[in-house]
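Coordinate analysis (summary)
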Amino acid sequence: MSDTRRILLIAPEGQVGWELLRCAQSLGKVTTAKRVHENPQLCIDLANTDSIRRVVETVKPHIILNAAAYTAVDKAESEPELAEQINSTAPAVLAETAKRLNALFVHYSTDYVFDGTNKYPYKETDTTNPVSVYGATKLKGEQAIQAIGGHYFIFRTAWVYGMRGKNFLLTMQRLAGERDLLRVVDDQRGAPTWSRSIAEASTQILAQSLSPRLQLDLTELAGIYHMTCGGNTTWYRFAQAILAHAEKQPTLEPIPTSAYPTPAKRPTYSTLCNSKLAQTFGIRLPDWENALTLCLDAGK
Ligand SMILES: NC(=O)c1ccc[n+]([C@@H]2O[C@H](COP(=O)([O-])OP(=O)(O)OC[C@H]3O[C@@H](n4cnc5c(N)ncnc54)[C@H](OP(=O)(O)O)[C@@H]3O)[C@@H](O)[C@H]2O)c1
């Protein structure tokens, strides 16, 4: 079966997409689609629903992995229509086409669907209340997929980093080389999550879900799952952990969010509870500090 299983991976050059391209080969034949592709049939722009339908019809996948999103949290405040097309409308079109083809649709969402007022890690059943355009458009995407139904997984993750793309780890490493003092927000709490941990867990879940031996019911399994590294910390503590491995050690100063105003509001507390993932699939991502060490070692 895995010889003939066709997998469509959208956005193979994003942080999660890059790692998925490497992990998902074990599940079948991976075909990538991205905005600029050497094969014009595989050019996809999530802001253009015709291009989504054309690519899916071309590949006729058994699995669709959607690693694409409008992820510029601050910019989304001034581009709400585009963020909505990519984060809300496109996932709905993908879910519809997946359902028509009886394909399994894998989509990623965010801790920013919550407002951050919880005092304990958010469960999948907790009330959502996004405080940014990005969070609101991602939530609308989730809701559209759920309304369409079929076979789907929505993995909510958080604070994603890796050795490529735009992320906090690479920004801290760059700034450490350029500055002697770094002021970092110390009153937002979440779980830094390595992109490779997300891709590995996603691949393991798909392997289990599609195992002919296990014969799992994909309709029953469909739903939202929280998927972050274990533990939680603040951006300041995360920066400390990153810079502990850096060659040059600038002075780090903790600051409140109020001293670092941004166009988009962020939840103060957005730790996610990963118990559903562990109980359903027996899978836990590493604790954030272990994952950071593994990521930095892998990047050497
Ligand atoms: N980054 C985080 O901290 C974070 C936190 C929580 C959840 N998530 C979620 O995790 C998932 C993966 O995020 P990530 O960090 O891997 O994202 P990323 O590194 O920003 O990559 C996003 C990818 O989406 C592609 N893309 C954007 N607009 C597109 C469009 N109109 N058509 C086709 N492709 C488009 C980009 O392609 P181009 O190169 O062409 O721009 C890029 O490859 C997303 O669903 C995101 O919402 C991320």
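Please read all numbers here as calculations on a predicted model, not as lab measurements.

1. With respect to the overall build of the protein
On a plain count of helices and strands, the protein comes out with 10 helices and 12 strands. Taking 19 Å as the expected radius of gyration for a compact globule of 300 residues, we find that the protein reaches 19 Å, a close match to that expectation. For the protein, the residues scored as buried account for 53% of the 300 residues in total. The contacts in the protein between residues at least 6 apart in sequence include a share of 77% that link residues at least 24 apart. Counting every atom, the protein has about 13700 Å² of accessible surface; 49% of that belongs to carbon and sulfur.

2. Here's the deal with the pattern of salt bridges
Tallied over the full model, the rule gives 11 salt bridges. Its salt-bridge partner being arginine 266, residue aspartate 74 comes within 2.7 Å of it at the nearest N-O pair. With aspartate 74 in the loop between β3 (63-66) and α3 (80-101) and arginine 266 in the loop between β12 (251-255) and α9 (275-281), this residue pair connects regions lying 192 residues apart in the sequence. Aspartate 74 sits in the partly exposed class, given a relative accessible area of 23%. The partner of lysine 248 in a salt bridge is aspartate 180, and the shortest N-O contact between them spans 3.6 Å. Of this pair, lysine 248 sits in the loop between α8 (235-243) and β12 while aspartate 180 is found in the loop between α5 (168-178) and β7 (181-185), placing the two residues 68 residues apart along the sequence. On the accessibility criterion, lysine 248 (35% relative accessible area) is partly exposed. Taking relative accessible area as the criterion, aspartate 180 reaches 59% and is therefore assigned exposed. Via salt bridges that share partners, Glu57, Lys60 and Arg100 belong to a single interconnected network.

3. Side note on the nonpolar core
Formed by 93 residues in total, the largest nonpolar core has its most connected members in Leu65, Phe153, Phe155, Val184, Leu277 and Leu292. Broken down by element, the residue count for this core peaks at 8 residues, all from α3. Setting aside anything within four residues of it in sequence, one finds leucine 65 in contact with Ile7, Leu8, Leu9, Ile10, Leu20, Ala24, Val106 and Leu206. Val113, Phe114, Leu139 and Leu272 belong to the second largest nonpolar core, which has 6 residues in total.

4. Comments concerning the side chain of glutamate 142
Positionally, glutamate 142 belongs in helix α4 (residues 133-148). Taking relative accessible area as the criterion, glutamate 142 reaches 1% and is therefore assigned buried. Once residues lying within four places of it in the same chain are set aside, the contact partners of glutamate 142 are Ser109, Val113, Ile154, Arg156 and Ile224.

5. Some remarks on the pairing of strand β5 (residues 151-157)
Burial analysis of β5 places 7 of its 7 residues in the buried class, which makes it a mostly covered element. The alternating pattern of β5 places His151, Phe153, Phe155 and Thr157 on one face and Tyr152, Ile154 and Arg156 on the opposite face, and all of these are buried. One ladder, built from 7 bridges, connects strand β4 (residues 104-110) with β5; its direction is parallel. Bridge pairing in β5 places threonine 110 opposite threonine 157. After leaving β4, the chain enters α4 and then returns to the sheet as β5, a path that is right-handed. In the sheet, β5 pairs with strand β10 (residues 223-226) via 4 bridges, with the strands oriented parallel. Within β10, the residue paired with isoleucine 154 across the bridge is isoleucine 224.

6. Observations concerning the UniProt feature "domain: RmlD-like substrate binding" (unreviewed entry) in the protein
Mapped onto this numbering, the UniProt entry annotates "domain: RmlD-like substrate binding" (unreviewed entry) at residues 6-298. Here residues 6-298 runs as 39% helix and 17% strand, with 29 Å between its end C-alpha atoms.

7. Quick notes on unusual backbone geometry
Most of the time, phi is negative for any residue but glycine, and the peptide bond is trans. Here the phi dihedral of asparagine 102 falls at roughly 60 degrees; this positive angle occurs in a residue that is not glycine. Here asparagine 102 lies in the loop between α3 and β4. In this structure, tryptophan 159 takes a positive phi of about 40 degrees despite not being glycine. For tryptophan 159, a relative accessible area of 7% translates into the label buried.

8. Observations concerning the site of the ligand
Neighbouring the ligand are 24 residues; Arg35, Asp45, Thr71, Tyr134 and Lys138 lie closest to it. A distance of 2.9 Å is found between a nitrogen atom of the ligand and a backbone nitrogen or oxygen belonging to leucine 46. Valine 160 places a polar main-chain atom, nitrogen or oxygen, 3.0 Å from an oxygen atom of the ligand. When the free accessible area of the ligand is taken as 900 Å², the share hidden by the protein chains comes to 81%.

Analysis parameters
- Residue numbering note: each chain is counted from 1, following its sequence as written.
- Only residues with pLDDT of at least 70 are given local features in this predicted model, and only at 80 or more are side-chain atom pairs given and counted; all residues enter the totals for whole chains, interfaces and linings.
- Only hydrogens and water are removed before side-chain values are computed, so all heavy atoms of the structure are retained for them.
- Every helix listed is a DSSP run of H or I at least four residues long, and every strand listed is a run of E at least two residues long, numbered separately from the N terminus.
- Radius of gyration here uses only the C-alpha atoms, and the compact-globule reference equals 2.2 Å multiplied by the residue count raised to the power 0.38.
- The buried label applies to any residue whose accessible area, calculated with a 1.4 Å probe on protein chains only, is under 20% of its type's maximum; exposed applies above 50%, and partly exposed to all values in between.
- Only heavy atoms matter for contacts: two residues are in contact if any of them lie within 4.5 Å across the pair.
- A 1.4 Å probe and the Shrake-Rupley method give the accessible areas. Residues count as covered only by the protein chains that appear here.
- For this analysis, a salt bridge means a side-chain nitrogen from Lys or Arg found within 4 Å of a carboxyl oxygen belonging to Asp or Glu.
- To qualify as a nonpolar core, a set must consist of buried Ala, Val, Leu, Ile, Met, Phe, Trp, Tyr and Cys residues joined through side-chain atoms within 4.5 Å.
- When DSSP locates at least two bridges between a pair of strands, those strands are taken to pair.
- Handedness of a crossover is defined as follows: orient the strands so they point away from the viewer, and if the path from the first strand over the helix to the second runs clockwise, the crossover is right-handed.
- UniProt positions are given in the numbering used here, feature names are shortened, and annotations may be inferred rather than shown by experiment.
- Proximity is defined per residue: any heavy atom of the residue falling within 4 Å of a molecule or strand makes that residue near it.
- Polar contact criterion, stated in full: a pair of N or O atoms within 3.5 Å, where within protein one must be able to donate a hydrogen and the other to accept it, and residues adjacent in sequence count only if both atoms are side-chain atoms.

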